[in-house]
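# Tertiary structure, described
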There are 2 protein chains.
Amino acid sequence: MGPVSTEGDITPEPRLTRKGRATRERIVTTAAGLMFERGVAGTSLEDVQATAGVSSSQIYHYFRDKRALIRAVITCQTDAVLGAQQPLLGRLDSVTALRQWRDLLVGFQRERHYEGGCPIGSLAGELAEVDPEARAALATGFDRWEAAIRAGIQAMRDRGDLPSDANPERLATALLVALQGGLLLTQVRRDTSALEAGLDTVIEHIASMTVR
Amino acid sequence: MGPVSTEGDITPEPRLTRKGRATRERIVTTAAGLMFERGVAGTSLEDVQATAGVSSSQIYHYFRDKRALIRAVITCQTDAVLGAQQPLLGRLDSVTALRQWRDLLVGFQRERHYEGGCPIGSLAGELAEVDPEARAALATGFDRWEAAIRAGIQAMRDRGDLPSDANPERLATALLVALQGGLLLTQVRRDTSALEAGLDTVIEHIASMTVR
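The structure presented is a predicted model; accordingly, all values stated were derived computationally and were not measured.

### Quick word on the domain arrangement of chain A
- Domain assignment breaks chain A into domain 1 (1–72) and domain 2 (85–212).
- Averaged C-alpha coordinates put domain 1 of chain A and domain 2 of chain A at centres separated by 28 Å.

Right, dumping it as structure tokens:
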């Protein structure tokens, strides 16, 4: 397996026509859906081809191989996961907003009948040890997520709602950790109580630090 | 896929001779090691056979199919994971003990070069949606783990170190959640800071509740 690289495997998007971009996007979203349902190992390029209604040569026009497609799926899922939490995720700058975000995340799991876990976390469980480039892409996805959480907590501290010795980076990491662990246990137990316990404990901790 | 059942798939152990038990155990620990390294999908019964130095008919003597072997692997990994945390895990009845346990878990990840994540959690990521019997076995594994954590926190409350309105069940769940999320992020980032941030936040929260 070669070094981590994101160049040369994917046809650069700017070269694509509007129709080309639409086809590429259909391939990626189809692959993302299948991999979320059946796992990466359980999804072949032939499955993607049949479900997306494209030819084998179309897939290979956009993606050198399954690994290149997997990396596009990781970016697509990161965009989808972060997008689904907007506008709340971009402004987690109060305990009230953190609690609303917690309710949103718990609600998503109920709607999904507790299935699937985190679309990013479950890719991580399957790919982290077998595909170093996928691992790097997943780390980037988690970093984007954590940065969005951190921005709100940083704003709380800047505004004086949290004491100056509060550590927004550490608290944001603890929230992302609670979310990932909570989603995994939700998936295994078919019940959101672990997700609730994990997020609530960190949010209560943040609330206990607030100056007012 | 049939309903959850643990009967009929595995030859009952009491019927085995000492040599038979040893062979069965070698098959299970070999499969557990391969699945931890390569994932479940990346481990065939032929791989297990070759690595364990047993014949195909020996594997089928003990396990009806790969799924039956997977369930035995889940139990084996649960025993191994819980065993590796002893004697601490059995007596997490003080903030000091919780911090020692946190250090032990962080140390394990360093020794392992941050690879592999949680042996139970990574099986969960791969199996929860595709194998309902495996999901049930994984839920049992997490329940055993959580009960061991809870016992210590319950003892703290019974002794009066935590107030009577403290919820040992919820706090134990929050610790297991932090551990699972922290191990997943450790694996993806090749760094234990998320595991530390997650566990420390919950332990600090417990410390802030202590009566003395």
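The structure having been displayed, the exposition proceeds.
### Examining the relation of the copies chain A and chain B
- In the superposition of chain A on chain B (RMSD 0.0 Å, axial shift 0.0 Å), the rotation amounts to 180°. These values place the two chain copies in the arrangement generated by a two-fold rotation axis. Measuring from the rotation axis to each C-alpha of chain A, the shortest distance belongs to Gly181(A), at 1.8 Å.
- Most of the interface of chain A is mirrored in chain B, where 100% of its interface residues again form contacts.

### Quick notes on helix H5 (residues 95–111) of chain A
Residue and element names in this part refer to chain A.
- Its 17 residues place the ends of H5 24 Å apart at the C-alpha level, agreeing with the 24 Å of an ideal helix rising 1.5 Å per residue.
- What H5 keeps buried is the set Val-95, Ala-97, Leu-98, Trp-101, Arg-102, Leu-105, Val-106 and Gln-109.
- Against the buried residues of H5 lie helix H7 (132–158), helix H8 (168–189) and helix H9 (193–209).
- Trailing H5 by a residue or two, His-113 shows a phi angle of about 55°, which is positive.

### Some remarks on the packing of helix H1 (residues 18–38) of chain A against helix H4 (residues 66–84) of chain A
All names here are of chain A.
- Closest axis-to-axis distance for the H1/H4 pair is 9 Å, and the angle between their directions is 85°. One element, H1, and the other, H4, form an angle in the roughly perpendicular class. Contacts between H1 and H4 involve Arg-24, Ile-27, Val-28, Thr-29, Ala-31, Ala-32, Met-35 and Phe-36 from the former and Lys-66, Leu-69, Ile-70, Ala-72, Val-73, Cys-76 and Gln-77 from the latter.
- Looking at side-chain class alone, the contact of H1 with H4 contains 11 nonpolar, two polar and two charged residues.

### Concerning the nonpolar core
- Ranked by size, the top nonpolar core spans 136 residues in total, and within it Trp101(A), Trp145(A), Trp101(B) and Trp145(B) carry the most contacts.
- Contact partners of Trp145(A), with chain neighbours within four places excluded, come to Val81(A), Leu82(A), Gln85(A), Leu89(A), Trp101(A), Cys118(A), Ile120(A), Leu176(A), Leu179(A) and Gln180(A).

Calculation notes
- Residues numbered from 1 in each chain as written.
- Chains lettered and ligands numbered in written order.
- Predicted model: local features only at pLDDT ≥ 70, side-chain atom pairs only at ≥ 80, totals over all residues.
- Heavy atoms only, no water.
- Domains from an automatic or database assignment.
- Least-squares fit on C-alpha atoms with pLDDT ≥ 70 in both.
- Contact = heavy atoms within 4.5 Å.
- Helix = DSSP H or I, 4+ residues; strand = E, 2+ residues; numbered from the N terminus.
- Expected span 1.5 Å × (residues − 1).
- Buried < 20%, exposed > 50% of the residue type's maximum accessible area, 1.4 Å probe, protein only.
- Axes fitted to C-alpha atoms, helices over the stretch in contact; angles between N-to-C directions.
- Parallel < 35°, antiparallel > 145°, perpendicular 65-115°, else oblique.
- Nonpolar A, V, L, I, M, F, W, Y, C, P; charged D, E, K, R; others polar.
- Core = buried A, V, L, I, M, F, W, Y, C linked by side-chain atoms within 4.5 Å.

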